[in-house]
Amino acid sequence: MNISVWRLAFLLSALYSPTPWAESPDDVLARYQALKQVPGKAAEMRAQGKERAQFCFRCHGEDGNSRRDYVPNLASQNAAYLFTQFEKFASGERENFVMSRLAPSLSADERIAIAMYFSELPVKPREEQPTAQVRGMQIYTSLCFACHGEAGHGNQQTPRIAGQPYTFLRTTLLKFHDGSRSRRNSPMTAVVQNLSEDDLEAVATWVANMP
């Protein structure tokens, strides 16, 4: 089904009814971990996640590998990070034309199902990525690996960044560097503050090519 972004936003607005989010991302993560241990329930939640994630596919891809270079992959993303970002979009801390309308309409179970679906899909190498720069590796090993890990896969507190589209990585790093309102509360603003635009582009090329 081919739905334009504007049409998608209209549909989400029509469906939108704010859901009271009584559970914190940590609470939802605990439920997620418990559900994963129940084989029958886990399969049921994955199927529900695929169905509920229909609105995500146009931008993020049905397999979680984004269709647009400025949109992040959700495949293999850490579930806890996904829960936290849903919360930020719902609260207005982060803003996006589509996500700001979608996030508040999701129940805790729907967030769990969507995260379970996307987090277990593999990241696929993109056909076109800029060549990795050695300078990018040097910056990554000195500034980034402590939080995102040697492989760039992150953990429950930090996102997987390995294999993300170069354009998305570069744009996001520039937002951190320039103090974008939606990013200014992140520790990343301090990490990249003393880097030049060339430095940011170099590390973006390196991370984009990480498996």
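Before any of the text, the structure's been laid out above.
Residues numbered from 1 in each chain as written. Predicted model: local features only at pLDDT ≥ 70, side-chain atom pairs only at ≥ 80, totals over all residues. Heavy atoms only, no water.

1. Quick notes on the overall build of the chain
Piece 1. Helix and strand content of the chain: 11 helices and 0 strands.
Piece 2. Ordered by position from the N terminus, the helices and strands of the chain form the series α-α-α-α-α-α-α-α-α-α-α.
Piece 3. Sorting the 211 residues of the chain into buried and exposed places 45% on the buried side.
Piece 4. When contacts within the chain are restricted to residue pairs at least 6 apart in sequence, those whose partners lie at least 24 apart make up 73%.
Piece 5. When the accessible surface of the chain is split by element, carbon and sulfur atoms take 53% of a total near 11,200 Å². (Helix = DSSP H or I, 4+ residues; strand = E, 2+ residues; numbered from the N terminus. Buried < 20%, exposed > 50% of the residue type's maximum accessible area, 1.4 Å probe, protein only. Contact = heavy atoms within 4.5 Å. Areas by Shrake-Rupley, 256 points an atom, 1.4 Å probe, with all protein chains shown as cover.)

2. Considering helix α9 (residues 166-178)
Three- or four-residue spacings in an α-helix give side chains the same orientation, since the helix completes a turn every 3.6 residues.
Piece 1. With 13 residues, α9 extends 18 Å between its outermost C-alpha atoms, agreeing within 8% with the 18 Å of an ideal straight helix rising 1.5 Å per residue.
Piece 2. Each element contacted by the buried residues of α9 is listed here: α10 (188-192) and α11 (197-208).
Piece 3. Taken from the residues just after α9, G179 is the one with a positive phi, measuring 75°. (Expected span 1.5 Å × (residues − 1).)

3. Side note on the environment of F89
Piece 1. Along the chain, F89 turns up in helix α5 (residues 79-91).
Piece 2. Among the residues examined, F89 registers a relative accessible area of 10% and is labelled buried.
Piece 3. Along the primary structure F89 and L102 are separated by 13 residues, whereas in three dimensions their C-alpha atoms are 8.5 Å apart.
Piece 4. When near neighbours in sequence (up to four residues on either side) are disregarded, F89 contacts R94, E95, N96, M99, S100 and A103.

4. Side note on the environment of V71
Piece 1. For V71, the location among the structural elements is in the loop between α4 (54-60) and α5.
Piece 2. Excluding its chain neighbours within four sequence positions, the residues that come into contact with V71 are C59, H60, S66, P165 and F168.

5. What about the nonpolar core?
Piece 1. Core analysis: the largest hydrophobic core is formed by 31 residues, its most contacted members being Y32, F83, I112, M116 and F118.
Piece 2. Elements supplying a minimum of two residues to this core: α2 (25-36), α3 (39-52), α4, α5, α6 (99-102) and α7 (108-119).
Piece 3. If you tally residues by element for this core, the top one is α7, at 8 residues.
Piece 4. In this structure F83 touches P25, V28, L29, Y32, R111, I112 and A115, once residues within four positions along its chain are discounted.
Piece 5. One finds Y140, C144, L169 and V207 within the second-largest nonpolar core, a separate group that totals 20 residues. (Core = buried A, V, L, I, M, F, W, Y, C linked by side-chain atoms within 4.5 Å.)

6. A word on the side chain of T205
Piece 1. Considering the arrangement of structural elements, one finds T205 in helix α11.
Piece 2. Among the residues examined, T205 registers a relative accessible area of 2% and is labelled buried.
Piece 3. With residues up to four places along the chain from it excluded, the contact list for T205 reads P130, T131, A132, Q133 and Y166.

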